[in-house]
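Chain by chain, the residues run as shown.
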Amino acid sequence: MKSSQTLRSEAKPGASDPEIRSENKKKATDTPKYRLVYEDLHSAIKTGALRKGDRLPSEAELGRRYNTSRITIAKAVRDLQVQGLVSRHPGSGTHVLASIASTDHVFGLLIPDLGRTEIFEPICNGMMRSPLAKPHSLLWGHSMGELAQQQKEAEELCHKYIAQKVSGVFFAPLEFTPEKDVVNRRIASAFDRAGIPVVLLDRCYAPYPLRSKYDLVGIDNRSAGFLITQHLILHGAKRIAFVARRLSASTVHGRIAGYREALFARGLAQQQDLVCIGDPEDHHFLQAVLRDSRPDAIVCANDITAARIMQGLTTRGIRVPQDIRIVGIDDVKYANLLPVPLTTQHQNSGDIGAMALVTMLQRLEKPDLPTRDILLQTKTVLRSSCGTHPSSAHKLT
């Protein structure tokens, strides 16, 4: 568990005024033009020069004002929209949604899998890169010990955040432990009693398809499972297994639901249930999958499962994709570096982090908002493992 890390950027200690001016001038030179436009509009909203309900000038007007292209202006305005600061409607223009709160907040980050599960580091980076993060600080900690130790340290960190009276907590519930449901509910209840808002990252702790009462920011897992399975079906796969670990998070159950819907939509629902739950590193489990399911393709719950299944198939002399096609979900950074580059569903983890911060600030401003699921869409990344893309270079479709 590590000490606090802040989202706030500060000038170098001891820097003289000329040094600071020089650094600022260099920063302005290095900053992309769309970012300068974004920061100018963002500042206008923050200072009240642009108020809630005000209409922004058209993209053409802004292009003339900043002496840049409409594409650059559109990119800057899109970033404002992602932050929840403006809304864009064809025919009526772009309007300011809300003023930016100037109150500094200290938020807690409770992610037991930080450093272990690949998606959470870019999620945190997305929070820190958000312009809305500048006035605020983020406290964080994680465990690299055994799963039982993670449960203990997660609860300890929960109580530390309560003692520090943080403004809110970003919580990614535990998975893979028999006691995870009890521990997750206990942590959420403790924050509830302390009056500390919680925004869930990636997953809910309630069993799928049930939902807790807390805001959640992640991807549409049901859609992801549907799309990656549909891709295999459209390219000729007939017996498609789904492989996942036991005690996985509710996200995996959403992906299984999407997998089954894709089979049903394409008339393959009458085949035996080929959902296989077990340890992908256990050669006995993999042997049972191959013997009982006889798959010509496997949808893996995530990329790490796909990597382990691929390794197990290779040791048996089974070729990917010639003998069995493999796909994953997440598109982690090593997916393109596997012996056979992995076809997968890409999720933009940085956008999840940015949207989580927006959601938390909105929750603080309006505590009575209804519970929200902010689910980002995924894109299919075609690589060699699905047998439909000859090169290892990926392409988003």
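Below is a short write-up of the structure. Keep in mind the model is a prediction, meaning the values are calculated, not measured.

### Things to note about the overall build of the chain
Right, so step 1: Helix and strand counts for the chain stand at 12 helices and 15 strands.
Right, so step 2: With 397 residues in all, the chain has 52% of them scored as buried.
Right, so step 3: When contacts within the chain are restricted to residue pairs at least 6 apart in sequence, those whose partners lie at least 24 apart make up 74%.
Right, so step 4: Carbon and sulfur atoms make up 51% of the accessible area of the chain, which totals about 19,300 Å².

### Re unusual backbone geometry
Right, so step 1: Look at the link from Tyr208 to Pro209: it is a cis peptide, with omega at 5°.
Right, so step 2: With an omega dihedral of 5°, the bond running from Val320 to Pro321 counts as a cis peptide bond.
Right, so step 3: By the secondary structure assignment, Pro321 is in the loop between helix H11 (303-315) and strand S11 (325-330).
Right, so step 4: Positive phi, close to 75°, is recorded for Phe176, a residue that is not glycine.
Right, so step 5: Among the secondary structure elements, Phe176 is positioned in the loop between strand S5 (168-171) and helix H7 (180-193).
Right, so step 6: Given a relative accessible area of 17%, Phe176 falls into the buried group.
Right, so step 7: The backbone phi angle of Asp331 is positive, close to 65°, even though this residue is not glycine.

### Digging into the packing of helix H5 (residues 120-129) against helix H12 (residues 349-365)
Right, so step 1: For the pair H5 and H12, the least separation of the axes is 6 Å and the interaxial angle reads 50°. Our classification of the angle between H5 and H12 gives oblique. Crossing of H5 over H12 shows right-handed handedness. Within the contact between the two elements, H5 uses Pro122, Ile123, Gly126, Met127 and Arg129 and H12 uses Ser349, Gly350, Ile352, Gly353, Ala354, Ala356 and Leu357.

### Description of H11
Right, so step 1: For H11, which comprises 13 residues, the first-to-last C-alpha distance of 19 Å matches the rise-based estimate of 18 Å (1.5 Å per residue) to within 8%.
Right, so step 2: For H11, the set of buried residues is Asp303, Thr305, Ala306, Ala307, Ile309, Met310, Gly312 and Leu313.
Right, so step 3: Turning to H11, the residues buried within the fold contact strand S8 (240-244), helix H10 (283-293), strand S10 (297-300), S11 and strand S12 (343-346).
Right, so step 4: Phi turns positive, to about 75°, at Gly317, one or two residues after H11.

### Structural notes on the side chain of Asp331
Right, so step 1: Relative to the helices and strands, Asp331 resides in the loop between S11 and S12.
Right, so step 2: Polar side-chain contacts of Asp331 include one of 3.0 Å to the side chain of Arg383.
Right, so step 3: If we ignore the near neighbours within four places in the chain, the residues touching Asp331 are Asp303, Thr344, Gln345, His346, Val381 and Arg383.

### Quick word on the packing of helix H3 (residues 59-66) against helix H4 (residues 70-82)
Right, so step 1: It is at 9 Å that the axes of H3 and H4 come closest, and there the two elements cross at 110°. Judged on the interaxial angle alone, H4 and H3 are roughly perpendicular. Within the contact between the two elements, H3 uses Glu59, Ala60, Leu62, Gly63 and Tyr66 and H4 uses Arg70, Ile73 and Ala74.
Right, so step 2: Across the contact of H3 with H4, the residue classes break down as 5 nonpolar, 1 polar and 2 charged.

Calculation criteria
Residues numbered from 1 in each chain as written. Predicted model: local features only at pLDDT ≥ 70, side-chain atom pairs only at ≥ 80, totals over all residues. Heavy atoms only, no water. Helix = DSSP H or I, 4+ residues; strand = E, 2+ residues; numbered from the N terminus. Buried < 20%, exposed > 50% of the residue type's maximum accessible area, 1.4 Å probe, protein only. Contact = heavy atoms within 4.5 Å. Areas by Shrake-Rupley, 256 points an atom, 1.4 Å probe, with all protein chains shown as cover. Axes fitted to C-alpha atoms, helices over the stretch in contact; angles between N-to-C directions. Parallel < 35°, antiparallel > 145°, perpendicular 65-115°, else oblique. Left-handed = near helix turned anticlockwise from the far one by under 90°. Expected span 1.5 Å × (residues − 1). Polar contact = N/O pair within 3.5 Å; in protein donor to acceptor, adjacent residues only side chain to side chain. Nonpolar A, V, L, I, M, F, W, Y, C, P; charged D, E, K, R; others polar.

That is the geometry; function is a separate question.
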